[in-house]
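Commentary on secondary and tertiary structure
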Amino acid sequence: MSNTHQAPPKTAYSLRKHPKQRRAIATVTAILDAAARILIESGYAAASTNRIAERAGVSIGSLYEYFPRKEAIFGELRRRESQRAYAELMAGGRPEHPRDAIRHIVRSRLRWMRRNPALYAALEAEVPRHAIAEVEAEISGDFRSASLAFLDAHRSLLRPKVELGFLAEFLTRVVSATANDYGLRAPERLDDPRLEHALIDIVERYLLKDDR
């Protein structure tokens, strides 16, 4: 079996090339920021490449140097937002107790959704999940490895007698699915403290022995 790394196939949602120099990175960032603003203000249909380039303050030629079409802009924007959310989650340090870890995960996820639910809802509706499959797989794999190590180190505190891989995936999906559903369908409820408290309580009751 060959170990040669093969680049993922290019799609309508892929960059032409990844920026490496500071100026190129700044150009791509300006394009993505402009696309996000237009998406929230006017919707996906109104976000033409010409309008995005004008809002970003770059030439249409510079835009096409990195993005073959507008689908690629929004695919990259959704990838960037996923990576930012994960970076914020992992920036919480190393909790000593699973209760602290649960609260951090729930609060981080809900805080991210509260920050810009309109952008998240628009990207979810307009950019198909397969467009960011590679980034999501990378994030999921990294988080799964960290979760398994943490759960294994605190196995004596866990209530369910199930395989840790299932446990890590199940809990991640419960938190993500709940936050996502509120973000898409009831964003006004994201600020309700009862939501955070209820979600933490559900996860704690399932995961942990009652040692309080």
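For the structure, check the block above.
A brief structural summary.

So, how was this worked out
- Residues numbered from 1 in each chain as written.
- Predicted model: local features only at pLDDT ≥ 70, side-chain atom pairs only at ≥ 80, totals over all residues.
- Heavy atoms only, no water.
- Helix = DSSP H or I, 4+ residues; strand = E, 2+ residues; numbered from the N terminus.
- Buried < 20%, exposed > 50% of the residue type's maximum accessible area, 1.4 Å probe, protein only.
- Axes fitted to C-alpha atoms, helices over the stretch in contact; angles between N-to-C directions.
- Parallel < 35°, antiparallel > 145°, perpendicular 65-115°, else oblique.
- Contact = heavy atoms within 4.5 Å.
- Nonpolar A, V, L, I, M, F, W, Y, C, P; charged D, E, K, R; others polar.
- Phe/Tyr/Trp six-rings, centres within 6.5 Å; stacked < 30°, edge-to-face > 60°.
- Core = buried A, V, L, I, M, F, W, Y, C linked by side-chain atoms within 4.5 Å.
- Salt bridge = Lys/Arg side-chain N within 4 Å of Asp/Glu carboxyl O.
- Left-handed = near helix turned anticlockwise from the far one by under 90°.
- Expected span 1.5 Å × (residues − 1).
- Polar contact = N/O pair within 3.5 Å; in protein donor to acceptor, adjacent residues only side chain to side chain.
- Patch = residues over 30% accessible without salt bridge, like charges linked within 9 Å, V, L, I, M, F, W, Y side chains within 5 Å.
- Areas by Shrake-Rupley, 256 points an atom, 1.4 Å probe, with all protein chains shown as cover.

**Considering the overall build of the protein**
Tallying secondary structure elements over the protein gives 9 helices and 0 strands in all. Along its sequence from the N terminus, the protein presents helices and strands in the succession α-α-α-α-α-α-α-α-α. Structurally, the protein occupies a C-alpha span of about 60 × 50 × 25 Å along its principal axes. Put simply, the protein has 212 residues, and 39% of those count as buried.

**Focus on the packing of helix α6 (residues 117-126) against helix α8 (residues 164-185)**
In contact at an axis separation of 9 Å, α6 and α8 are set at 95° when each is read in the N-to-C sense. With respect to α8, the element α6 is oriented roughly perpendicular. For the pair formed by α6 and α8, the contact residues are P117, Y120, A121 and E124 on the first element and N180, G183 and L184 on the second. In terms of residue class, the contact of α6 with α8 is built from 4 nonpolar, 2 polar and 1 charged.

**Looking at the packing of aromatic side chains**
The final tally for this structure, using the stated rule, is 4 aromatic pairs. Here the aromatic rings of Y86 and F143 are separated by 6.3 Å at their centres, their planes lie at 85°, and the arrangement is edge-to-face. With Y86 in helix α4 (residues 70-90) and F143 in helix α7 (residues 133-153), this residue pair connects regions lying 57 residues apart in the sequence. Between F166 and F170, the aromatic rings sit 5.7 Å apart at their centres with planes inclined by 15°, giving stacked as the arrangement.

**Notes on the nonpolar core**
By size, the foremost hydrophobic cluster in this structure holds 29 residues, and its most contacted members are I31, I52, F67, I73 and F74. For this core, the secondary-structure elements that each account for two or more residues are α1 (22-42), α2 (49-56), α3 (60-66), α4 and α6. Other than its neighbours up to four places away in sequence, F74 contacts A35, L39, Y44, A47, I52, L123 and V127. Ranked by size, the runner-up nonpolar core spans 20 residues in total, among them L151, A168, L195 and I200.

**Things to note about the pattern of salt bridges**
In total, this model carries 23 salt bridges according to the counting rule given. Note that R205 and D201 form a salt bridge whose closest N and O atoms lie 2.8 Å from each other. With R205 and D201 both in helix α9 (residues 193-207), this residue pair falls 4 residues apart, about one helical turn. A residue is classified by how much of its surface remains accessible, and R205, at 55% relative accessible area, is exposed. Assessed through its relative accessible area of 28%, D201 is described here as partly exposed. Bridged by salt links that share partners, the residues D33, R80, E81 and R84 form one connected network.

**Details of the packing of α1 against α2**
It is at 8 Å that the axes of α1 and α2 come closest, and there the two elements cross at 115°. The element α1 and its partner α2 pack so that their crossing is right-handed. Within the contact between the two elements, α1 uses A30, I31, A34, A35, R37, I38, E41 and S42 and α2 uses R51, I52, R55 and A56. Looking at side-chain class alone, the contact of α1 with α2 contains 7 nonpolar, 1 polar and 4 charged residues.

**Here's the deal with α8**
Helix length check: α8, at 22 residues, gives a terminal C-alpha distance of 31 Å against a target of 32 Å (1.5 Å per residue), a fit within 8%. For α8, the complete set of buried residues consists of L164, G165, L167, A168, L171, V175, A179, N180 and G183. Buried residues in α8 make contact with α5 (98-115), α6, α7 and α9. The opening residue of α8, the one whose side-chain oxygen lies 2.8 Å from the backbone nitrogen of G165, is E163.

**Notes on a nonpolar patch on the surface**
Together, V162, F166 and F170 make up a nonpolar patch on the protein surface, roughly 240 Å² of accessible area in all. Within the secondary structure, F170 sits in helix α8.

In short, the description is geometric, and any link to function would need to be established separately.
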